[in-house]
Every structure is written in C-alpha cells, then in structure tokens.
2 protein chains.
Amino acid sequence: MSKFIKLVEVSPRDGLQNEAKRVPTAIKIEFINLLSQTGLSVIEATSFVSPRWIPQLADGEAVFRGIDKIHSVAYPVLVPNRMGFDRAVAAGATEVSVFTTPSEQFSQHNTHCSVEESVQRIAEITSAAKKNKIRVRGYLSSVLGCPYQGKISPQSVAKLAEILLTLGCYEISLGDTIGIGTPKQVKYLIEVVAKKIPRRKIAVHFHDTYGQALTNIYVALEQGIRVIDSSVAGIGGCPYAKGASGNVASEEVLYLLNGLGYKTGVDLEKLILAGKFISDCLQQKPRSKVLGSVKQ
Amino acid sequence: MSKFIKLVEVSPRDGLQNEAKRVPTAIKIEFINLLSQTGLSVIEATSFVSPRWIPQLADGEAVFRGIDKIHSVAYPVLVPNRMGFDRAVAAGATEVSVFTTPSEQFSQHNTHCSVEESVQRIAEITSAAKKNKIRVRGYLSSVLGCPYQGKISPQSVAKLAEILLTLGCYEISLGDTIGIGTPKQVKYLIEVVAKKIPRRKIAVHFHDTYGQALTNIYVALEQGIRVIDSSVAGIGGCPYAKGASGNVASEEVLYLLNGLGYKTGVDLEKLILAGKFISDCLQQKPRSKVLGSVKQ
C-alpha cells in the first residue's frame, strides 16, 4: 500500500465560504500564495458560484487571476453549473470541482434541484471539460448523514460515486458535511463505495463538528484511502450547526500522517504559518490544536 | 472482547488543577454532584497535594467532604505521599491515585525526587492503603514523550507499570502528558506494556495538545484497552505548552464510543450539561466540539 498521501487543501474555498467574516481579495491571494509554498499539490482556490448564494467568494475571478500559480500545484475551482464552468475556463482554470449529494432533501435545500438534475448539470460540465482538457474532481456531500433527511444509505453514495466517475471525474471526495460520522460508519461506507470505484479514486472530506474527523481519517487510511481534504487552522464551519467547528485542520492531519510515517511533501512549519496568517485575518483563535500549541 | 468501557472522569482534579482561573469550593462541589448524576462510575474528585504546589486544589478536604457521594461512584483523590494519603483517609476517601513517571527529568522537575524515590513513596502509600482497605490507582506521566528529556522507552513504561501493579495498584493509567503521541507509538506502547501487565488493568490518559487524543484512544480500543480517562469540556491544559488544549474532552470520547457501539452507562446529554456548567464558571468557550455543536 502506498505511503504517499495527497492532501487537498480546501481552506480558500470550503473554509472561507463558511466564515461569517469577509476576507479582502488581496488577503485571499496572499493566503493562497503562502499555501503554494508549503509543498501542497492541490489547493482549491475559490468557487464560481453565484454571489447571491455565496457572497464570501464573489471575487472568485480576481482571486484566481491574482494568485501566483506554481507549476506543481493544481488549483481547482468549484463550479455549480455550465455557466460557472465557462467563467472558470475564461479565468484560466485547468481543473474544476463539481458537487452533488445522495440526499434528495439536501440537494433541494442546497442547490434547489433534484439529485437527478444535479447529475445532469455535472454531465454538462464533464462533457465540456473533456473538450477543453479540464480535469474534474467530484464531491459528494452529506454522505454519513443529512441535516434534513437523516440517514443516508452507503449504497446510494456508492452508486453516485460510480456515476460521477463514469461521467469523467478523476476522483470522488466523500464529504461528511455535518461531521456526524464515527469510525464504524466510515469503515462500512468505504467498503461499500470501494465495491464500485477503486480506492485510489476515493478522497475523504471530513468536518470536525463533533471532534471525530481525525479519527475518521485514521480509519479511512486503514481502509486504503490515500487522498484527504483538509483546511488550515480548521477554518470553515458547518452551516447546519451554528458555532460548530469547521473542516478538519490540515495541521492536525499532517501531524498524524507524519507520526504514522506517511509521506506528503508538505512542510508542517510552513502550513502552520499559513494557518496563523488566515486566523489572524479572520480575527479568530486558530482552531487547529497544533497551531495553538506551537511557539509563535 | 468486552463492549463495556469504563470512563474515568478527571476534570475536577486534572482539569481544574491546570486551569489558571480559580473555582470557588461551592462550585466545585456542585460540578462534581452534576457529574455524579451522569452515570459515570469513577470521578477523580480532587488532590491532597500541598497548596504550595497546586493552589487551585488547596480546598481538597472541603470539596471531598462537601460532595454528595453516590454509592455506585468511586471518588479517588490524588495523593503525592504518605502525608497526603493520611489526609485523604481522614477526609473519608476510600480510593486514592498515585503517580510517577518513567522520565527521570520529569520526576525531578515535577516532584523534586528521583523515579526510585517516587516509587518508594508509592510503596509507603500502597502499604498503608492495604491496612486501611483503600483502593489505589496508579498514574504514569509522560509515557509517550517528556518535555525535558524527549523520548521515553516503552520498555521503561512497562517496567514501571509492572512495579506499580506489584505494589498493589489495581489499574495503571498511561498518561501522554504533553499530548505528543500518534497512533503508531500508542499501538507499540500498549503492545509492550501488555507483555508485563494484563490489558484490562491498563487505562489511557491522553491530552489533546496536538489534536491527536481521540485518534489515539481509538487505537487503544483496537488494542483491547477498556478504561479511558477524560475531562468534560476538555478542561485542563498542558502546563508545558502555554495556550494548549487540555485533556481529551469526555463528550467527544463518549460520542465516539456510542458510534462504535460500546456501552458506558454514561448519559451524553447530562455530560454535556456538566461540561457547560464548568465552562461557564471558567468563563471559557467549551473545548469539546460536541459541546460547541449542540443546541443550548
């Protein structure tokens, strides 16, 4: 089993879109440039979603155009539909992320369409992406529980993961959007999904709402998963649980991986500095315990 | 393998002794009384250490005498030496905790004596305890790394655990005092210690300095450990890392255990209320993410 783990840094997108405080464009650019120096190979830079839905990322174009792009780093941007995809391509994006969910109710609440319509939108994007040689990463939200409909069947997650892969996504990130999962569920979910798509194409995206994210990641590693989404300083939040913590903190993930002897290519000290930078900008105490513990 | 996990609640002692803010005696009593209603079977109530060393717990006698003791709950108190033991017995304690460490330098810094002298003090206590029919629980500090001397050999931990058991301790709690450990180390440590003492007599006591505690607990569970020390609302701290988080939060541990299908007898809602009570008294945001996420 490979000892290399790919970390996907989602803070500039999934982190900042869930922070109440607005961050100026120039700060976002400086932040992403700091992340680019850490050794990360994937940094989700922003989204091209309507500012009506996500005002925090209304400056997606300016951010994407403004960052210093490192050759060895991929900078996917999240796109909700063909229009967002076209804007992303026009801004120079070479990789996009798309999202759907196995939860009908989550889909209706979050994207105002059915799961089927959502998959149709993704098909339009992947079709256009092929012509433009754009790589597409797929997200599935609320895979371990939904804030609206409760339980989610692992089989429905597996089915959707297979569809997204067939449509052309190169990797499927399984998101526990409300951070409700525990190891037993995670293990079973991965076993079920891995019957439909190869483990190397599965990523995990865990929120730390109940403090379980790192343990769930450990279980995913045991299950052969080698791609982990995380967010420096744990920035972000859970829009369905006010005051709850956000994405799992990249520093805590990296500390774990270093201890387990995995290779990531990422420098913990530099990651800590980037996390400190954005926490200061957001005027909040760092949510990463690693960050809170080191001398500054 | 047993599906019952014994939770040892250490917040009134290990939690409060590391909090800068002093808590009035009456509040401590109310807090322990709340904990007694949660279904916990062990609550470490206070310590009988010189107030010169731990002023936060100078009111140990008053606290211990003041609490409503539930028949099904054990209330050990920490004692550093024979004098502390005698005070504990005089106050009515039927169970005490003792501590030492495999780290010579930690022993010198923390208790101003060598490890050997420290073991001698424990022998005096266990000897007196036998005559008084007092149960003794043993702590080993800094088992996964020491703030002064760095690495600690698992073999030295195992040797000391065996000595404490032979002296009469009924259980040995392995403490990662600076919260530096990761799963690989935890797994190896338990394997080594379990060669010397039975797994059912090993407890784990993890601090969350780098956010690794819950994952380390998960690994300990996989290794057959069935006793876990924790602290509601994650209260406490690491005296060697300023601003660092404290003990692993009981609520996060219980959330994990419930998800894994273990039985504990502890009511999560009542635990959350006790954690909220003490966080409010300490005027701090709860460090347990479970506590931060539920409706209040």
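Residues numbered from 1 in each chain as written. Chains lettered and ligands numbered in written order. Predicted model: local features only at pLDDT ≥ 70, side-chain atom pairs only at ≥ 80, totals over all residues. Heavy atoms only, no water.

Give me the lowdown on the interface of chain A and chain B, citing residues and values where you can.
Each side of the interface is counted separately: chain A has 31 residues, and chain B has 30 residues. When the two sides are added together, the surface that chain A and chain B hide from each other amounts to roughly 2,500 Å², 54% of it contributed by carbon and sulfur. A salt bridge links K289(B) to D208(A); the nearest nitrogen and oxygen atoms lie 2.5 Å apart. Applying the counting criterion to the chain A and chain B interface returns seven residue pairs in polar contact (both at pLDDT 80 or more). Where the side of chain A that touches chain B is concerned, the elements lending two or more residues are α8 (183–193), α9 (213–222), α10 (250–260) and α12 (289–293) of chain A. Residues belonging to the side of chain A that touches chain B are distributed by class as follows: twelve nonpolar, twelve polar and seven charged. (Contact = heavy atoms within 4.5 Å. Buried area = accessible area lost by both parts, 1.4 Å probe. Salt bridge = Lys/Arg side-chain N within 4 Å of Asp/Glu carboxyl O. Polar contact = N/O pair within 3.5 Å; in protein donor to acceptor, adjacent residues only side chain to side chain. Helix = DSSP H or I, 4+ residues; strand = E, 2+ residues; numbered from the N terminus. Nonpolar A, V, L, I, M, F, W, Y, C, P; charged D, E, K, R; others polar.)

I'd like to hear about helix α2 (residues 25–36) of chain A, residue by residue, with values.
Along an α-helix, a turn takes 3.6 residues, which lines up residues three or four apart on a common side. Given a rise of 1.5 Å per residue, twelve residues ought to cover 16 Å, and the 17 Å separating the end C-alpha atoms of α2(A) matches this to within 8%. The complete set of buried residues in α2(A) reads K28(A), I29(A), F31(A), I32(A), N33(A), L35(A) and S36(A). (Expected span 1.5 Å × (residues − 1). Buried < 20%, exposed > 50% of the residue type's maximum accessible area, 1.4 Å probe, protein only.)

Please set out the relation of the copies chain A and chain B residue by residue, giving values where relevant.
Mapping chain A onto chain B calls for a rotation angle of 180 degrees and an axial translation of 0.0 Å; the resulting RMSD is 0.0 Å. A rotation of that kind, with that shift, is consistent with a two-fold axis. Taking C-alpha positions as reference, the residue of chain A nearest the rotation axis is T215(A), located at 2.2 Å. When the interface residues of chain A are mapped onto chain B, 97% of them are again interface residues, pointing to one common binding face. (Least-squares fit on C-alpha atoms with pLDDT ≥ 70 in both.)

Before we move on, can you summarise the pattern of salt bridges with the specific residues and values?
Inspection of every chain in the model, using the stated rule, returns 24 salt bridges over all chains. Residue R87(A) pairs with E61(A) through a salt bridge whose shortest N-O separation is 3.1 Å. Taken as a pair, R87(A) in helix α4 (residues 82–90) and E61(A) in helix α3 (residues 60–66) lie far apart in primary sequence, 26 residues in all. For R87(A), a relative accessible area of 25% puts it in the partly exposed group. A salt bridge links E171(B) to R137(B), with the shortest nitrogen-to-oxygen separation between them at 2.8 Å. Pair noted here: E171(B) is in strand β7 (residues 171–176) and R137(B) is in strand β6 (residues 135–140), with a separation of 34 residues, a long-range link.

Purely geometric stuff here, so don't read any function into it on its own.
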